[in-house]
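So you can see what is in the structure, the chains are spelled out below.
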Amino acid sequence: MNRQLLVDYIPFEVSPEQINESIDKNGKLIVKGVLQRAEAPNQNERVYPKELLVREAKKYETLIKERRALGELDHPDSSVVNLGNVSHNVVSMDWRGNDLIGVVEVLSTPAGNILRELFKSGIKLGISSRGLGSVKELTEDGTVQVQPDFELIAFDFVSNPSTHG
């Protein structure tokens, strides 16, 4: 199987009211939403087995504890997080059914300031997982399953969310 860069999107909806309530006493913007969904075909017709996402979320917890769970504004075509484009840091994650819910701190970096203003303006964004892995065809209609060699790299904010629901 051929490992490739896999990117998958989920709408990350935050209302302007939530933005105002989400700014903490230190002026930091903290937002919460679905980071990834297991066991359901996404817009790219990929299915992530829950056990695979649970395993990768567990590994990602180390980055969260070390305050290194960084993400970028827009997706690079790279498996490396570019510090010059970092906009946010995932500060916690937990499971709600098949949804991986994350709490994200928007940073005061140039890209983070753009992200903050987009949220404040009510722009609909998506959060997108970025990882390396291979896929295997499940059905003739094009649905594929992400394979056990998948490795989660980051969650990025993007302009084109494409996961159903």
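Above this text is the structure in question.
Here goes a summary of the coordinates provided.

Calculation notes
- Residues numbered from 1 in each chain as written.
- Predicted model: local features only at pLDDT ≥ 70, side-chain atom pairs only at ≥ 80, totals over all residues.
- Heavy atoms only, no water.
- Pairing = 2+ DSSP bridges.
- Helix = DSSP H or I, 4+ residues; strand = E, 2+ residues; numbered from the N terminus.
- Axes fitted to C-alpha atoms, helices over the stretch in contact; angles between N-to-C directions.
- Contact = heavy atoms within 4.5 Å.
- Salt bridge = Lys/Arg side-chain N within 4 Å of Asp/Glu carboxyl O.
- Phe/Tyr/Trp six-rings, centres within 6.5 Å; stacked < 30°, edge-to-face > 60°.
- Buried < 20%, exposed > 50% of the residue type's maximum accessible area, 1.4 Å probe, protein only.
- Core = buried A, V, L, I, M, F, W, Y, C linked by side-chain atoms within 4.5 Å.

**A closer look at the sheet that holds strand β10 (residues 151-158)**
1) Next: Taken together, three strands build an open sheet; the order of strands is β1-β7-β10 and the sheet is antiparallel. Each having just a single partner strand, β1 (4-12) and β10 make up the two edges of the open sheet. Mean inter-strand twist for the sheet, computed between neighbouring axes without regard to direction, equals 20°.
2) Next: Two strands pair when backbone bridges link them, and strand β7 (residues 125-133) and β10 are joined in this way by seven bridges, in the antiparallel orientation. Across the sheet, the residue bridging to glycine 131 is leucine 152, located in β10.
3) Next: Across the face of the sheet, helix α3 (residues 110-120) comes into contact with β1, β7 and β10 while running at roughly 135° to β7.

**Here we look at the pattern of salt bridges**
1) Next: In this structure the tally under the stated criterion is ten salt bridges.
2) Next: Here glutamate 72 and arginine 130 are joined by a salt bridge, their closest N and O atoms 3.2 Å apart. Here the residue glutamate 72 occupies a position in strand β4 (residues 70-72), and arginine 130 occupies one in strand β7, the gap between them amounting to 58 residues.
3) Next: With a shortest N-O distance of 3.8 Å, glutamate 117 and lysine 120 are connected by a salt bridge. Highlighted residues: glutamate 117 and lysine 120, both in helix α3, separated by three residues, approximately one helical turn.

**Here we look at the packing of aromatic side chains**
1) Next: Here the structure, examined in full by the defined rule, presents three aromatic pairs.
2) Next: Measuring from centroid to centroid gives 5.4 Å for tyrosine 48 and phenylalanine 150, while their planes differ by 75°, and the two rings are edge-to-face. Of this pair, tyrosine 48 sits in the loop between β3 (46-47) and α2 (50-65) while phenylalanine 150 sits in the loop between β9 (144-146) and β10, placing them 102 residues apart in sequence.
3) Next: With relative accessibility at 1%, the residue tyrosine 48 sits in the buried group.
4) Next: Centre to centre, the rings of phenylalanine 119 and phenylalanine 157 are 5.4 Å apart; their planes meet at 90°, and the pair counts as edge-to-face. Pair noted here: phenylalanine 119 is in helix α3 and phenylalanine 157 is in strand β10, with a separation of 38 residues, a long-range link.
5) Next: Owing to a relative accessible area of 0%, phenylalanine 157 belongs among the buried residues under this scheme.

**Things to note about the nonpolar core**
1) Next: Val31, Val90, Met93, Phe119, Phe155 and Phe157 are the most contacted members of the largest nonpolar core, which totals 34 residues.
2) Next: Those elements that place two or more of their residues in this core are β1, β2 (29-37), α2, β5 (86-96), β6 (99-106), α3, β7 and β10.
3) Next: With five residues, α2 is the single largest residue contributor to this core.
4) Next: The residues touching phenylalanine 157, leaving out its near neighbours within four places in the chain, are Phe12, Val31, Glu72, Leu73, Asp74, His88, Val104, Leu115, Phe119, Gly126 and Ile127.

**Some words on the sheet that holds β3**
1) Next: The strand order across the open sheet built from three strands is β3-β9-β8, with neighbouring strands paired in mixed fashion. Lying at the two open borders of the sheet, with one neighbouring strand each, are β3 and β8 (135-137).
2) Next: With two bridges joining them, β3 and β9 adopt parallel strand pairing. Directly across from arginine 46, in β9, lies its bridge partner valine 144.

**A few points about the pairing of β7**
1) Next: Counting buried positions along β7 gives eight out of nine residues, so the element sits mostly inside the fold.
2) Next: Examined bridge by bridge, β1 and β7 share nine bridges and lie antiparallel to one another. From the neighbouring strand, glutamine 4 faces β7, where its bridge partner is glycine 133.

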